[in-house]
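Single-letter residue listing:
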Amino acid sequence: MADWHPVQTLHANSWVFPRPGTTQPYAEIRHLPVKVGDRTVWAFRAVTWAQPRELIGAGYFGTLEEAARECHRLALASAVPSALNEQRR
């Protein structure tokens, strides 16, 4: 019998993005269905970990990589506030 378990059929839909250099959570990224007009599409939503949660960047991203990149950028900016100003120039 092949080595198989039902857990292999699972799909992750939530990721915790850590504060850079730590294990403390900074943000959460979720893969979820979003209603766009009369259709449903799948998108990645990034929000801060701290309450009250706030959308990060535009909030919704087409890929996990885009969402993680924006979480990383804002996490670094929150650690070094001048970094955000430098990126905007």
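Residues numbered from 1 in each chain as written. Predicted model: local features only at pLDDT ≥ 70, side-chain atom pairs only at ≥ 80, totals over all residues. Heavy atoms only, no water.

**Re the environment of His72**
Our working definition: Numbering of helices and strands runs from the N terminus; a helix is a DSSP stretch of H or I covering at least four residues, while a strand is a stretch of E covering at least two. Relative accessibility under 20% of the residue-type maximum defines a buried residue, over 50% an exposed one, and the middle range a partly exposed one, all with a 1.4 Å probe and only protein chains included.
One can find His72 in helix α1 (residues 64-79). Residue His72 is classed as partly exposed on the basis of its relative accessible area of 35%. Sequence separation between His72 and Pro18 is 54 residues, and the spatial gap between their C-alpha atoms is 8.7 Å.

**Here's the deal with the packing of aromatic side chains**
Our working rule: Here a pair means two rings of Phe, Tyr or Trp (six-membered ring of Trp) with centres within 6.5 Å. Their orientation is stacked below 30 degrees between planes, edge-to-face above 60, and tilted elsewhere. In this analysis the charged atom, NZ for Lys or CZ for Arg, is taken to sit over a ring once it is within 6 Å of the ring centre and within 35 degrees of the ring normal.
As enumerated under the stated definition, the model contains one aromatic pair in all. Ring centres 6.0 Å apart and planes at 50° place the aromatic pair Trp15 and Phe44 in the tilted group. Of this pair, Trp15 sits in strand β1 (residues 14-18) while Phe44 sits in strand β3 (residues 39-48), and the two are 29 residues apart along the sequence. Trp15 gets classed as partly exposed once you look at its relative accessible area, which sits at 28%. For Phe44, a relative accessible area of 11% puts it in the buried group. Across from the ring centre of Trp49, 4.9 Å away, lies the NZ or CZ of Arg53, which sits over that ring.

**Here's the deal with the environment of Gly57**
Selection rule: Here, residues are in contact when the closest pair of their heavy atoms is within 4.5 Å.
With respect to the helices and strands, the residue Gly57 is situated in strand β4 (residues 55-61). Along the sequence, Gly57 and Val47 sit ten residues apart, while their C-alpha atoms lie 8.8 Å from each other. Every residue in contact with Gly57, bar those within four places of it in the chain, is listed here: Glu70 and Leu74.

**Considering the sheet that holds strand β2 (residues 25-36)**
Put simply, the rule reads: Two strands pair under a simple rule: DSSP has to find at least two bridges between them. Orientation is described by lines fitted to C-alpha atoms, with helices fitted over the stretch in contact, and by angles between N-to-C directions that extend from 0 to 180 degrees.
Strand order in the open sheet formed by four strands is β1-β2-β3-β4, with antiparallel pairing between adjacent strands. Strand pairing shows two members of the sheet lacking a second neighbour, β1 and β4, which therefore form its edges. Each neighbouring strand pair of the sheet contributes to a mean axis angle of 25°, computed without reference to strand direction. Pairing geometry for β1 and β2, over five bridges, is antiparallel. Across the sheet, Phe17 pairs through a bridge with Ala27, a residue of β2.

**As for the confidence of the model for the protein chain**
Basically, it comes down to this: Confidence of the predictor at the level of single residues is given by pLDDT, which spans 0 to 100.
Scored by pLDDT, the protein chain comes out at a mean of 88, with 89% of its residues at no less than 70. Within the protein chain, the element-level pLDDT minimum falls on helix α2 (residues 81-88), averaging 57, and the maximum on β3, averaging 96.

**Focus: the pairing of β2**
Hairpin remark: β1 followed by β2, antiparallel, with six residues in the connecting loop; positive phi at Gly21, about 80°. Where β2 meets β3, ten bridges bridge the pair, whose relative direction is antiparallel. Counted as the bridge partner of Ala27 is Thr48 from β3. Joining the antiparallel neighbours β2 and β3 is a turn of two residues, in which Gly37 adopts a positive phi near 65°.

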